[in-house]
Amino acid sequence: QAHARRTPCAMPPNAGAEGAPSGLQVFADADNIPEGCVAIDGEVYDLAGFDHPGGDSIQLFGGNDVTVQYRMIHPFHAGKGSVNKMKKVGRLAKTRLDYTFGSEFEKDLIAAVSKVVKPNQRFATTGFWFRCVFYIALYAFLTSLYVSQGSSVLLCVLVGMSQASIGLNVQHDANHGAVSPTPFWNDFLGFGADLIGGCKYLWLQQHWTHHAFTNDVTRDPDASSTDPFFLFHDWGKKSQKLKAMHAVQHFYMIPVLAMYWASSIFNTNVVTLDHTGAKDAGMKFGNTYRETHRPISILLRTIYLILYCVTPFYHHSWTTALAHVWVMAVSESLTLAIPFGLSHNFMESERHPVVNGQTCWYKSQVETSSTYGGYIAGWLTGGLNFQIEHHLFPRMSSAWYPYIQPAVMEVCKKHGVRYVYYPNIFSNLASTFTYISLVGKGMYEGAVKVKAQ
């Protein structure tokens, strides 16, 4: 596997050594971490010379405090994993400690799940590979018809759904590092994001930040991704963000979700390779790794645009071509966005996970997510109907989620952690509509009361 050129962790000239062991530097806060370093649990480590078992994508996060990201990806060996193989070069004088780890709930949860799936067996199963090959073959077949023979309304609907299926069933597991312990397969299949109009490296920036800080509106890019036109987050009745149009936003939720494809295709972030939402959440991605991977992202976006947005004009009049592209876009958008939209926006969802002080990260992941359906929904959505299980163990193959669900529910019940389950997607969708309606009117109270500020 080819490795990107790594920039050593350059020490700022004003980094003092006061309070640090000999030879180590003190950095004021996360904003001062050099691009070749990461901070974990207040300690700063140099990435140069570190052969990360999970692949070079760790370099993308250089310059950030990745404490939460590190622990969420290494639930079974966070204390004795990669962190002990990196060179420690300093510490942070000040860290942000919104989430805690090591609770009894976390320990019981990991122990219970480990009895179902051994940590070294948590990657793709035969069933996953069958599902993966099926959706890739379907995507390739439909695309060949779309490009060579010309599009039709029905074919556009099917092509859009097949692209969404790649997003749900292939690239999602891969970009979480959940397909294989061998980085090649995760890296290779992760480019499926680019084959459906997205971008692998922007997805890593946005989605990993979302996973780390779910529903924390100050740090989760998804929580405010459609502001101010449409509100997913509960801003409260007195918020200036609340406008008259939001009182009826549940009526235009589906049209908003139908714009998902367009928001990705016409997003200039693919050129800069700097995700605006993740940047606004405090993450920094202006490093050498990002710059070396910009050309491949631009190339893959160009190929996508030629295949799906240019070829229809070769076969049809410009009006028909535009209509067909839009049908494909809406089909992909709704197939992708509806399952994702349900995941964290429903009645009883925790919208303020850290406002009352430090909270157990694992508890927060359960109470900000919902699970619906079973095996069939799992095959269609890439296991993302098991959103609670996915957020607890994002680097576990989605094929395992229905197997660990009973253990997760039992531990949640034991510790009094709210586990929200819906029997099917329609009941979850109904709850989402109700939630969106109440949020738009400033009437959502949530399941967990927020302390008076």
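Check the entry above for the structure.
Throughout this description, residue numbers start from 1 for each chain and increase along the sequence as written. In view of the model being predicted, local features appear only for residues whose pLDDT reaches at least 70, and side-chain atom pairs are presented and counted only at 80 or more, with totals across whole chains, interfaces and linings using the full set of residues. Excluded from the side-chain calculations are hydrogens and water; all other atoms, namely the structure's heavy atoms, are used.

Colleague: Which parts of the structure should I look at to understand the nonpolar core?
Modeller: The nonpolar side chains of a soluble globular protein tend to be buried with one another. Of all hydrophobic cores here, the largest spans 56 residues; its most connected members are Phe105, Phe393, Met396 and Val408. Contacts were defined at the residue level, with two residues in contact if any of their heavy atoms lie within 4.5 Å. Discounting residues that sit within four places of it in the chain, Phe105 has contacts with Cys360, Tyr362, Lys363, Val366, Val411, Cys412, His415 and Val417. We define the nonpolar core as a collection of buried residues of types Ala, Val, Leu, Ile, Met, Phe, Trp, Tyr and Cys that are connected through side-chain atoms lying within 4.5 Å of one another. The buried label goes to any residue with under 20% of its type's maximum accessible area, the exposed label to any with over 50%, and the partly exposed label to all in between, with areas taken from a 1.4 Å probe on protein chains only. Among the nonpolar cores identified, the runner-up in size contains 29 residues, and Tyr139, Ala164, Met328 and Leu336 belong to it.

Colleague: What should I look at first to understand the sheet that holds strand 3 (residues 43–46) in this one?
Modeller: Picture the strands of a sheet paired through backbone hydrogen bonds; they go either parallel or antiparallel. When DSSP locates at least two bridges between a pair of strands, those strands are taken to pair. Only DSSP runs of H or I with at least four residues qualify as helices, and only runs of E with at least two residues qualify as strands; both kinds are numbered from the N terminus onward. Pairing within the open sheet is mixed, and its five strands lie in the order 1-5-3-2-4. Edge positions in the sheet fall to strand 1 (25–27) and strand 4 (64–65), since each of these pairs with one other strand and no more. Note: strand 1 against strand 5 (residues 87–92), three bridges, orientation parallel. Across the sheet, residue Phe27 finds its bridge partner in strand 5, namely Leu92.

Colleague: Just to check I follow, could you spell out the packing of helix 4 (residues 153–175) against helix 6 (residues 200–212) for this structure?
Modeller: How two helices sit against one another is set out by the angle between their axes and by the gap between those axes. Only the stretch in contact is used when a helix axis is fitted, and all axes are lines through C-alpha atoms; the angle between N-to-C directions ranges over 0 to 180 degrees. The N-to-C vectors of helix 4 and helix 6 enclose an angle of 70°; their axes lie 11 Å apart at closest approach. What the angle tells us is that helix 4 and helix 6 run roughly perpendicular. Between helix 4, through Gln171, His172 and Asn175, and helix 6, the contact on the second element is made entirely by Lys200, Trp203, Leu204, His207 and Trp208. Polar here means any residue outside two lists: the nonpolar Ala, Val, Leu, Ile, Met, Phe, Trp, Tyr, Cys and Pro, and the charged Asp, Glu, Lys and Arg; Gly therefore counts as polar. A class-by-class count of the residues in the contact of helix 4 with helix 6 yields three nonpolar, four polar and one charged. Just so you know how the angles are binned, under 35 degrees is roughly parallel, over 145 roughly antiparallel, 65 to 115 roughly perpendicular, and the rest oblique.

Colleague: Can you walk me through the packing of aromatic side chains in this structure?
Modeller: Aromatic rings considered in pairs are described by the distance between their centres and by the relative angle of their planes. Between 30 and 60 degrees the pair is tilted, below 30 it is stacked and above 60 it is edge-to-face, where a pair is any two Phe, Tyr or Trp rings, Trp via its six-membered ring, whose centres lie within 6.5 Å. This model, assessed by the stated rule, comprises 27 aromatic pairs. With a centroid separation of 6.0 Å and an interplanar angle of 80°, the aromatic rings of Trp129 and Trp185 are classed as edge-to-face. Of the two residues, Trp129 is situated in helix 3 (residues 126–148) and Trp185 in helix 5 (residues 183–190); the sequence distance between them amounts to 56 residues. Pairing Trp261 with Phe266 gives two aromatic rings, centres 6.4 Å apart and planes at 90°, and the pair type is edge-to-face. Ring pairs connect the aromatic residues Phe128, Trp129, Phe184, Trp185 and Phe188, which therefore count as one cluster. We note Arg219 situated over the ring of Phe213; from NZ or CZ to the ring centre the distance is 3.8 Å. Only when the NZ of Lys or the CZ of Arg is both within 6 Å of the ring centre and within 35 degrees of the ring normal is a charge said to sit over the ring.

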